Amino acid sequence: MESEKWLQELFNKLRERLGEEYQVTKVDKPALNSAGKVQIGIVKNGERTGILLNLGPGKVQRLKTGIGLKEEVGFLVERYLEKRSVLCKELLAGEWFERMKERIVYALERREGNEEALKHIPWEPYLDMAIVFYLVETPGGETNYRVVSNHDLEVWKVSKEEIFQIARENTPRLGVPLLLTPEDAIGENKEGEEESLKDMEGYLLKHAYKGVSAFVLTNQYGFYGASVILYDGLLERIAWAWRDDVLVIPSSINEVMILPACGSTKTIQQWREIIKEMNQEEPENKMALSDSVYFYDHKEGKLCIATDDYKMIFD
């Protein structure tokens, strides 16, 4: 069966089993640790929190060939109802702020091209990007999430500034930063992840001594991991370990690539062209974060947009 055809047939069968009041969509998975997987989102009309279900590579290949569709629909419906039963009514409806405020996090999204969507949600500008807010719930170890809307703030009777402060406290706690070599990131090296989570600076310097000049920076889940560059003191720690400014290349909304400024063999313009090529390859540009190159100025202690005349060698 054709790629989109099998998926649409699966969605149609799920809607038949669940009812017309349910919306079934494909959810883009983060680039890290997602090869061959498909993630499905199901939300009931009138509810504001959806449920995520995963199809592993093996099931995806079987369904593409037309095998096991009926059985898989039954399994997904059963799994959805099981997960939904764990969520309280207030959470599903988007109410009860006191319960949910500890699950509010921020994320970085692309600003250009999202102007219409940003009119309906609270957001903060950050350089040429947008900081938006999500509600996250993890019953049974599975993650469910939805964007915080302007309507939510009205129902909760809180301001955007209050949400931002809450998210600043929650996000580093719920999304622990993770730094990996490209090889460890692509290869899903659990030992490397554990080593980095335990001692990020030690992991960075160990591999830098081996000649690794670029690293992937995300969070432990690999979802909206680019937002870790907002964490207080994180880029400062990395710059201190390198004794250098830090170049930040936005790979996607889920991760960034970092390298010491003095170790770069490319100009800012060359990096910018690479980023644009990567963004053009993203389906419908959903995962693209920015077309800019950034650098963390260790003397000024802040992240900036790198210009063409940015100097690669520092005193």
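Definitions and cut-offs
- The numbering scheme is per chain: residues are counted from 1 as the chain's sequence reads.
- In view of the model being predicted, local features appear only for residues whose pLDDT reaches at least 70, and side-chain atom pairs are presented and counted only at 80 or more, with totals across whole chains, interfaces and linings using the full set of residues.
- For side-chain calculations, the full set of non-hydrogen atoms in the structure is used, while hydrogens and water are omitted.
- In plain words, nonpolar cores are sets of buried Ala, Val, Leu, Ile, Met, Phe, Trp, Tyr and Cys residues tied together by side-chain atoms within 4.5 Å.
- Each residue's exposure class comes from its accessible area (1.4 Å probe, protein chains only) as a fraction of the maximum for that residue type: buried when under 20%, exposed when over 50%, partly exposed otherwise.
- Only DSSP runs of H or I reaching four residues or more are called helices, and only runs of E reaching two or more are called strands; each is numbered from the N terminus.
- A contact between two residues is defined here by any heavy atoms of the two lying within 4.5 Å.
- In this description, strands pair whenever DSSP reports at least two bridges between them.
- Every angle, taken between N-to-C directions, lies between 0 and 180 degrees, and every axis is a line fitted to C-alpha atoms, over only the stretch in contact when it is a helix.
- Roughly parallel means an angle under 35 degrees; roughly antiparallel means over 145; roughly perpendicular covers 65 to 115; every other angle is labelled oblique.
- Throughout, a crossing is termed right-handed when the near helix is turned clockwise from the far one, and left-handed when it is turned anticlockwise from it by less than a right angle.
- Charged residues are taken to be Asp, Glu, Lys and Arg, nonpolar residues to be Ala, Val, Leu, Ile, Met, Phe, Trp, Tyr, Cys and Pro, and polar residues to be all remaining types, Gly included.
- Ring pairs are drawn from Phe, Tyr and Trp, using the six-membered ring of Trp, whenever the two centres fall within 6.5 Å, and their geometry is named by plane angle: stacked under 30 degrees, edge-to-face over 60, tilted for the rest.
- When the NZ atom of lysine or the CZ atom of arginine is within 6 Å of a ring's centre and also within 35 degrees of its normal, the charge is said to sit over that ring.
- A side-chain nitrogen of Lys or Arg and a carboxyl oxygen of Asp or Glu constitute a salt bridge if their distance falls within 4 Å.

Chemist: Can you help me understand the nonpolar core in this one?
Modeler: Here is a general trend for soluble globular proteins: nonpolar side chains tend to be buried in one another's company. In terms of nonpolar packing, the biggest core is built from 60 residues, with W156, L179, L217, I229, I238 and I258 touching the most fellow members. Ranked by residues supplied to this core, first place goes to strand β6 (residues 129-137) with eight residues. If we skip the residues at most four places from it in the chain, L179 touches S196, M200, Y203, L204, F215, V216, L217, I238 and I258. Grouped together as the second largest cluster of nonpolar side chains are 21 residues, L10, Y22, L55 and V77 included.

Chemist: It is not clear to me how the pairing of strand β10 (residues 246-252) should be interpreted in this structure. Could you clarify?
Modeler: Note on strand geometry: in a regular strand, side chains alternate between the two faces of the sheet. With seven of seven residues buried, β10 is to be regarded as a mostly interior element. As defined by bridge partners, β10 adjoins strand β11 (residues 255-260) across five bridges and the pair is classed as antiparallel. Following the sheet pairing, I249 is matched in β11 by M257. Taking the residues between adjacent antiparallel strands as the criterion, β10 and β11 are bridged by two residues.

Chemist: Got a minute to help me understand the packing of helix α11 (residues 200-209) against helix α12 (residues 234-242) in this structure?
Modeler: Running from N to C, α11 and α12 cross one another at 40 degrees; their axes reach a closest spacing of 10 Å. Between α11 and α12, the angle falls in the class oblique. In the packing of α11 onto α12, the handedness of the crossing is right-handed. In this structure, α11 uses M200, E201, L204, L205 and A208 to contact α12, whose residues at the interface are L234, R237, I238, A241 and W242. Tallied by class, residues from the contact of α11 with α12 come to eight nonpolar, no polar and two charged.

Chemist: It is not clear to me how the environment of A208 should be interpreted in this structure. Could you clarify?
Modeler: Mapped onto the elements of the fold, A208 is located in helix α11. Placed 51 residues apart in sequence, A208 and L259 show a C-alpha to C-alpha distance of 9.9 Å.

Chemist: Where do I start with the packing of aromatic side chains in this structure?
Modeler: Overall, the coordinates contain seven aromatic pairs when judged by the stated rule. Taking 5.8 Å as the distance between ring centres and 65 degrees as the angle between the ring planes, the aromatic pair formed by F133 and F164 counts as edge-to-face. You can see F133 sitting in strand β6 and its partner F164 sitting in helix α8 (residues 160-174), a full 31 residues away along the chain. The exposure class of F133 is buried, given its relative accessible area of 0%. Since its relative accessible area comes to 22%, F164 is described here as partly exposed. An aromatic cluster is defined as three or more aromatic residues linked by ring pairs; in this entry it consists of Y106, F133, F164 and Y231. Positioned above the aromatic ring of W240, the side-chain terminus of R243 is 4.1 Å from the ring centre.

Chemist: Sorry if this is basic, but what is going on with the pattern of salt bridges here?
Modeler: Close approach of charged atoms lets side chains of opposite charge pair. Under the defined criterion, the tally for this structure stands at nine salt bridges. Here E116 makes a salt bridge to K119, at a shortest N to O gap of 3.2 Å. For D232, the salt bridge goes to R168, with nearest N and O atoms at 3.3 Å. In this pair, D232 sits in the loop between β9 (215-219) and α12 while R168 sits in helix α8, placing the two residues 64 residues apart along the sequence. Salt bridges sharing partners connect three or more residues here, namely R110, E112 and D291.

Chemist: Help me understand the side chain of S227 in this model?
Modeler: Structurally, the position occupied by S227 is in the loop between β9 and α12. Classification of S227 as buried rests on a relative accessible area of 2%. Beyond its immediate chain neighbours, meaning those up to four positions away, S227 contacts Y106, A107, L108 and T171.

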